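Examination of the molecular architecture
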There are 2 protein chains.
Amino acid sequence: METYNGLINNLIDELASLPGIGSKSAQRLAFHLIALPQSKVEHLANTMIKARSEVRYCEQCCNLTDADVCPVCANPKRDHRTIMVVENPRDLAAYEKTGRYEGVYHVLHGAISPMLGIGPGDIRLKELMTRLEGDVDEVIIATNSSLEGETTAMYISKLVKPTGIKVTRIASGVPVGGDLEYIDEVTLLRALEGRTEL
Amino acid sequence: METYNGLINNLIDELASLPGIGSKSAQRLAFHLIALPQSKVEHLANTMIKARSEVRYCEQCCNLTDADVCPVCANPKRDHRTIMVVENPRDLAAYEKTGRYEGVYHVLHGAISPMLGIGPGDIRLKELMTRLEGDVDEVIIATNSSLEGETTAMYISKLVKPTGIKVTRIASGVPVGGDLEYIDEVTLLRALEGRTEL
């Protein structure tokens, strides 16, 4: 007593296995794809395959790239002596969108999480330490403000400090435009601790 | 000053052109796809291409199918003398999920919308009228409760009535579990008009 035949169900199931796509969205997407011109679907499918097979990690910062070095590392106008450490490429993209950070990055591809069994050896820390053997002035730790992010930040700061390189952590506090009334206690306390003189 | 190279941007752009996927979700999906095993990405891509090329309209009800006739029409246990008219395959899927409707369907693939320039000739009405030449007891109009859906319902009822076949319209009213206080006036009036004796 199926509503659809195998092919449609297969497509819906595969789409629903992607992150952020529930069964309703998967159905909508599937029907949309089936209604698109054949050439458009083939184009999208081939873009996916090509991106998957050709995109790799940047040799310097582990950002995603289809060349040896990502556009940020390849840019001579960036300050290569300042390295911002982020958990994943989405975080890098978020800082790039501000358009104001002029240094380079290092993408860890994860955070230390004893709960999930992710140790220091499972993220791109060794690559970071190798970079620090070169000319580096500052390491800005911009891991998330979660338990895993904080653990990772602490771990990195302990590793970097003996090298004499300056280590900083991005500020925690009330988001701009945020209404104090709706903000959790931990954030409020962090904002208080991190207050600056006016 | 790009963050990513062409291939990654292409993938993000193509994903963002799909319905219900904004630029943030597109980025997340792209990074997810790039991190998947190559074989999984190829499988998804091929499923998309295969579904697009092989899925077509059911010869009887215009539902989507990869055979000549969809599973609902092919099921001899269904009541083929009762036809529910819906706007699109998603609506059909919604009624199938109830598991209680035993008739068959007719999928219009749209609704009459003078605003969007969609006339009666642009939806699958001719196919419906052809079916009514056979043995049909009732046409249940289950187009949406929007302006376009209502217009389409009125149009179909005018077409079907002269044939002597019973035409009905699904009820409008307060959704089950709905809180009266949050329901719009039009729906409240519809619910009042459609009240039934207890």
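Residues numbered from 1 in each chain as written. Chains lettered and ligands numbered in written order. Predicted model: local features only at pLDDT ≥ 70, side-chain atom pairs only at ≥ 80, totals over all residues. Heavy atoms only, no water.

**Quick look at the overall build of chain A**
- Across its full length, chain A carries eight helices and six strands.
- With the principal axes as the frame, chain A shows a C-alpha extent of 65 × 45 × 35 Å.
- Every one of the 198 residues in chain A was classed for burial, and the buried ones make up 42%.
- Within chain A, counting contacts between residues at least 6 apart in sequence, those at least 24 apart form 47% of the total.
- About 11,100 Å² of surface is accessible on chain A, with carbon and sulfur atoms providing 53% of the total. (Helix = DSSP H or I, 4+ residues; strand = E, 2+ residues; numbered from the N terminus. Buried < 20%, exposed > 50% of the residue type's maximum accessible area, 1.4 Å probe, protein only. Contact = heavy atoms within 4.5 Å. Areas by Shrake-Rupley, 256 points an atom, 1.4 Å probe, with all protein chains shown as cover.)

**Things to note about the nonpolar core**
- A:Leu15, A:Met48, B:Leu15 and B:Met48 are the most contacted members of the largest nonpolar core, which has 107 residues in total.
- Dropping the residues within four chain positions of it, B:Met48 is found in contact with A:Leu11, A:Leu33, A:Val41, A:Leu44, A:Ala45 and A:Met48. (Core = buried A, V, L, I, M, F, W, Y, C linked by side-chain atoms within 4.5 Å.)

**Structural notes on the sheet that holds strand β3 (residues 79-86) of chain B**
All names here are of chain B.
- Across the sheet, four strands lie side by side as β4-β3-β5-β6; this open sheet has parallel pairing. The open sheet has two free edges, formed respectively by β4 (103-107) and β6 (166-169), since each of these has just one partner strand. Taken pair by pair, the neighbouring strands of this sheet meet at an average axis angle of 25 degrees, ignoring direction.
- Pairing analysis gives four bridges linking β3 to strand β5 (residues 138-141), with the strands arranged parallel. Counted as the bridge partner of Val85 is Ile141 from β5.
- In the packing of helix α5 (residues 89-98) onto the sheet, the strands contacted are β3 and β4, and the crossing angle to β4 comes to about 165 degrees.
- Across the face of the sheet, helix α7 (residues 147-160) comes into contact with β3, β5 and β6 while running at roughly 170 degrees to β6. (Pairing = 2+ DSSP bridges. Axes fitted to C-alpha atoms, helices over the stretch in contact; angles between N-to-C directions.)

**Let's talk about the interface of chain A and chain B**
- Residue-level contacts link 57 residues of chain A with 57 residues of chain B.
- When chain A packs against chain B, close to 5,300 Å² is buried across both sides, 69% of that on carbon and sulfur atoms.
- Three residues stand out in chain A for area buried against chain B, namely A:Leu7, A:Met48 and A:Arg52, and they jointly supply 14% of the buried area on that side.
- Inspection of the region where chain A meets chain B yields zero salt bridges.
- Mapped onto the side of chain A that touches chain B, the elements with two or more residues apiece are α1 (6-16), α2 (23-35), α3 (38-54), β2 (64-65), α4 (71-74) and α5 (89-98) of chain A. (Buried area = accessible area lost by both parts, 1.4 Å probe. Salt bridge = Lys/Arg side-chain N within 4 Å of Asp/Glu carboxyl O.)

**Quick notes on a nonpolar patch on the surface**
All names here are of chain A.
- Nonpolar side chains collect at one region of the surface, where Val174, Leu180 and Leu188 lie side by side and expose about 220 Å² of accessible area between them.
- For Val174, the position within the fold is in the loop between β6 (166-169) and α8 (185-193).
- The partly exposed category is assigned to Val174, whose relative accessible area is 32%. (Patch = residues over 30% accessible without salt bridge, like charges linked within 9 Å, V, L, I, M, F, W, Y side chains within 5 Å.)

**Topic: α7(B)**
Residue and element names in this part refer to chain B.
- The first and last C-alpha atoms of α7 sit 20 Å apart over 14 residues, in line with the 20 Å expected at 1.5 Å per residue.
- Buried within α7 are the following residues: Gly149, Thr152, Ala153, Ile156, Ser157 and Val160. Down the axis of α7, the buried set is contained in an arc of 135 degrees. They therefore lie on one face. Every exposed residue of α7 that faces more than 90 degrees away from the buried side is listed here: Leu147 and Lys158. (Expected span 1.5 Å × (residues − 1). Arc of directions from axis to C-beta.)

**Considerations on the pattern of salt bridges**
- All chains considered together, the criterion is met by 14 salt bridges over all chains.
- Put simply, A:Glu150 and A:Arg169 hold a salt bridge, and the shortest N to O gap is 3.4 Å. Residue A:Glu150 is located in helix α7 (residues 147-160), and its partner A:Arg169 is located in strand β6; the two are separated by 19 residues in the primary sequence.
- With a relative accessible area of 22%, A:Glu150 lands in the partly exposed category.
- Here B:Asp135 ties to B:Arg81 by a salt bridge, and the two come within 3.8 Å at their closest N and O atoms. One end of the pair, B:Asp135, is in the loop between α6 (125-131) and β5; the other, B:Arg81, is in strand β3, with 54 residues separating them in the sequence.

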